[in-house]
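Working through the structure, step by step
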Amino acid sequence: MSYVDGFIVAVPKDKIEAYKTLANKAGKVWREYGALSYVEAIGDDVPYGELTSFPRAVQATEDEVVVFSWIIYESRQSRDEILEKVMADPRLKDEMQNMPFDGKRMIYGGFRIIVEA
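As the structure is a prediction and not an experimental result, all values here were calculated from the model.

1. Digging into the overall build of the protein chain
Within the protein chain one finds four helices and four strands. Helices and strands appear in the protein chain in the N-to-C order β-α-β-α-β-α-α-β. Its C-alpha atoms give the protein chain a radius of gyration of 15 Å, near enough to 13 Å, the size a compact globule of 117 residues would have. By its C-alpha atoms, the protein chain is 40 × 35 × 20 Å across when sized along the principal axes. Residue pairs in contact within the protein chain that sit at least 24 positions apart in sequence constitute 83% of those at least 6 positions apart. Accessible area for the protein chain stands at about 7800 Å²; split by element, carbon and sulfur atoms hold 53% of it. In the protein chain, 15 positive and 20 negative side-chain charges are present, and the distance between their average locations comes to 3 Å.

Encoded structure:
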């Protein structure tokens with residue numbers, strides 16, 4: 001079964017274009033190193049819940065929008081190999097140090113797929 005990395009971030013509305021530029025560049029690098037798929041999706045119907053929600057999870061403010069992203073790999077092993085190469089790639093070094101969002105509020109994790117329909 002495939003392996004997935006998932007991410008949720010709060011992006012300031014005035015930095016969405018900068019985020020899209022970064023995401024397009026990052027997606028090309030990830031795919032070049034072997035990721036099967038790279039997706040960035042901007043929140044369209046993500047209400048602020050009373051107890052839990054995507055906006056609450058990343059402490060999104062009214063001037064931010066939630067972005068949900070995922071990267072699909074062949075396996076956990078391929079993910080680990082690809083991630084090591086991506087993190088060392090000089091094309092992303094500047095962007096990783098000047099991200100258009102607060103990386104401290106990013107939620108991320110790796111997931112084994114258990115159902116794929």
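There's plenty left to go through after this.
2. Digging into the nonpolar core
Within soluble globular proteins, side chains that are nonpolar tend to cluster in buried spots. Of all hydrophobic cores here, the largest spans 19 residues; its most connected members are V11, Y19, W30, I71 and Y73. Looking at this core, the elements that each hand over two or more residues are β1 (3-12), α1 (16-32), β3 (64-73) and α3 (76-88). In terms of residues, this core owes the most to one element, α1, which gives five residues. Once you skip the residues sitting within four places of it in the chain, I71 turns out to touch Y3, V4, D5, F7, W30, A35, S37 and Y38.

3. Quick word on the sheet that holds β1
In spatial order, the strands read β2-β3-β1-β4; together these four strands make up an open sheet with antiparallel pairing. Lying at the two open borders of the sheet, with one neighbouring strand each, are β2 (37-42) and β4 (107-112). Between one strand axis and the next, the sheet turns by 15 degrees as a mean value, whatever way the strands run.

4. Re unusual backbone geometry
Unusually for a residue other than glycine, Q59 sits at a positive phi of about 55 degrees. If you trace the backbone, Q59 turns up in the loop between α2 (54-57) and β3.

5. Digging into the side chain of R79
Within the secondary structure, R79 is located in helix α3. The exposure class assigned to R79 is buried, which follows from its relative accessible area of 12%. Of the polar contacts made by the side chain of R79, one reaches the side chain of D5; its length is 3.0 Å. Ignoring any residue separated from it by four or fewer positions in sequence, one finds R79 in contact with Y3, D5, Y73 and G110.

Rules used throughout
Residues numbered from 1 in each chain as written. Predicted model: local features only at pLDDT ≥ 70, side-chain atom pairs only at ≥ 80, totals over all residues. Heavy atoms only, no water. Helix = DSSP H or I, 4+ residues; strand = E, 2+ residues; numbered from the N terminus. Rg over C-alpha atoms; globule rule 2.2 N^0.38 Å. Contact = heavy atoms within 4.5 Å. Areas by Shrake-Rupley, 256 points an atom, 1.4 Å probe, with all protein chains shown as cover. Lys, Arg positive; Asp, Glu negative; His and termini not counted. Charge placed at Lys NZ, Arg CZ, Asp CG, Glu CD. Core = buried A, V, L, I, M, F, W, Y, C linked by side-chain atoms within 4.5 Å. Buried < 20%, exposed > 50% of the residue type's maximum accessible area, 1.4 Å probe, protein only. Pairing = 2+ DSSP bridges. Axes fitted to C-alpha atoms, helices over the stretch in contact; angles between N-to-C directions. Polar contact = N/O pair within 3.5 Å; in protein donor to acceptor, adjacent residues only side chain to side chain.

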